[in-house]
Amino acid sequence: FGVNGTAAENSVAWGNDPFGRRVKIWKARNNDAASNADGGWGKIIKGLKKNAGYMSVVYIRRNGTSTNGRFYHGCKQGTDTLNLDGTPNGNPYFHYPTIGELPQDKWLLSVGFIRANNDTSTTQSGLSGIYDVATGKKLTLSRSFGDYKMGTSGVQSHRTYLYYSTNGNDSIDWTLPGFYELGSDAPTINDLLR
């Protein structure tokens, strides 16, 4: 994954992940006052199976007391991602809360599920969301939309951003992004919280 920020100082540095291991951490710092992208990425993933399910994950942390802007975590736009009723979604996000809804200086696990194209269920799983790594509890968010399903192209993306921040003190850290095909060897949410 690479950093794609248009209006902020983005960097990758070594630091401790939620479990105390040394890892690379993506940082959004020193945002401008414009209401635009302030850090994150959009990674295209090709060669996927349309009739398989996938889980998109990333660990995040809001730094400091500034609470302007939104955290976004989503998947591929257009016909590559469908709503559960089979209609295309032009801008699918699993969730995009204001960063003020995220606890300060705590690592969180952001999870989103993309179901198989041939999955006919229109019932949300209730598993997509943002979880507190320390407690394992799922946060209650103002903007949370849940699961989507694959289109037919076999292309997806892992999208996550700090967006609409107009305060240079807003900052988000990201680490350990992942995109897993659901199956017997994919981690569970409990695995990712340990």
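Every chain is numbered on its own, with residues counted from 1 as its sequence reads. Selection of residues for local features in this predicted model requires a pLDDT of at least 70, selection of side-chain atom pairs for listing and counting requires 80 or more, and totals for whole chains, interfaces and linings are taken over all residues. Computation of side-chain values: all heavy atoms of the structure, hydrogens and water removed.

Draft legend 1. Layout of the overall build of the protein. Strands here mean DSSP runs of E at least two residues long; helices mean DSSP runs of H or I at least four residues long; both are numbered from the N terminus. When helices and strands are tallied, the protein shows one helix and 13 strands. Ordering the α and β elements of the protein from the N terminus gives β-β-β-β-β-β-β-β-β-β-β-β-β-α. Values of the radius of gyration come from C-alpha atoms, whereas the globule rule sets the reference at 2.2 Å times the count of residues to the power 0.38. In summary, the protein has a C-alpha radius of gyration of 16 Å against a globular reference of 16 Å for 194 residues, a match within 12%. With respect to the three principal axes, the spread of C-alpha positions in the protein is 45 × 35 × 30 Å. Looking at the 194 residues of the protein, the share that counts as buried comes to 52%. We call two residues in contact whenever any of their non-hydrogen atoms come within 4.5 Å of each other. Considering only residue pairs separated by 6 or more positions, the protein has 76% of its internal contacts joining residues 24 or more positions apart. Think of it in three bands: with a 1.4 Å probe and only protein chains considered, a residue is buried below 20% of the maximum accessible area for its type, exposed above 50%, and partly exposed in between.

Draft legend 2. Spatial organisation of the packing of aromatic side chains. Only Phe, Tyr and Trp rings are paired, with Trp represented by its six-membered ring, and only when their centres lie within 6.5 Å; those with planes under 30 degrees apart are stacked, over 60 edge-to-face, the remainder tilted. Enumeration according to the criterion identifies 13 aromatic pairs in this entry. Ring centres 4.7 Å apart and planes at 70° place the aromatic pair Tyr163 and Tyr164 in the edge-to-face group. For Tyr164, a relative accessible area of 40% puts it in the partly exposed group. Taken together, Tyr72, Tyr93, Tyr96, Phe145, Tyr161, Tyr163 and Tyr164 form an aromatic cluster joined through their ring pairs.

Draft legend 3. Fine view of the pattern of salt bridges. A pair is scored as a salt bridge if a Lys or Arg side-chain nitrogen falls within 4 Å of a carboxyl oxygen belonging to Asp or Glu. Overall, the coordinates contain nine salt bridges when judged by the stated rule. A salt bridge links Asp173 to Arg29; the shortest N-O distance between them is 2.8 Å. Here Asp173 is found in strand S13 (residues 172–181), whereas its partner Arg29 is found in strand S2 (residues 22–29), with 144 residues between them in sequence. The class of Arg29 is partly exposed, set by a relative accessible area of 21%. Between Lys106 and Asp132 there is a salt bridge, and its shortest N-O distance comes to 2.6 Å. Of the two residues, Lys106 sits in the loop between strand S8 (93–95) and strand S9 (107–115) while Asp132 sits in strand S10 (residues 129–132), which places them 26 residues apart along the sequence. According to the relative accessible area criterion, Asp132 is buried, its value standing at 7%. One connected set of salt bridges, linked through shared partners, spans Lys27, Arg29, Arg61 and Asp173.

Draft legend 4. Just the sheet that holds S8, in detail. Judged by pairing direction, the sheet is antiparallel, and its four strands sit side by side in the order S3-S12-S5-S8 without closing on themselves. Lying at the two open borders of the sheet, with one neighbouring strand each, are strand S3 (36–45) and S8. Across the sheet, the axes of successive neighbouring strands diverge by a mean angle of 20°, strand direction being ignored. Only strands that DSSP links by at least two bridges are regarded as paired with each other. Pairing geometry for strand S5 (residues 70–74) and strand S12 (residues 156–165), over five bridges, is antiparallel. Looking at S12, one finds that Arg70 is bridged to Tyr163. Axes, fitted as lines to C-alpha atoms, cover a helix only where it is in contact. Angles between the N-to-C directions of the axes lie from 0 to 180 degrees.

Draft legend 5. Main features of the pairing of S5. Counting buried residues in S5 gives five out of five residues, a clear majority hidden from the surface. Taking every second residue as pointing to the same face, both faces of S5 are buried, with Arg70, Tyr72 and Gly74 on one and Phe71 and His73 on the other. Bridge count for S5 against S8 is two bridges, and the pairing is antiparallel. Opposite Gly74, over in S8, you have Tyr93 as the bridge partner.

Draft legend 6. Seen up close, the environment of Lys137. Mapped onto the elements of the fold, Lys137 is located in the loop between S10 and strand S11 (148–150). Residues Lys137 and Leu193, 56 residues apart in the sequence, show an inter-C-alpha distance of 9.8 Å. Each residue touching Lys137, except ones within four places of it in the same chain, is listed here: Ile130, Tyr131 and Asp132.

Draft legend 7. Spotlight on the side chain of Asn63. Residue placement: Asn63 occurs in the loop between strand S4 (54–62) and S5. Any pair of N or O atoms that falls within 3.5 Å is considered a polar contact. Within protein, one atom must be able to donate a hydrogen and the other to accept it, and sequence-neighbouring residues count only if both atoms are side-chain atoms. A polar atom in the side chain of Asn63 sits 3.2 Å from the side chain of Asp173.

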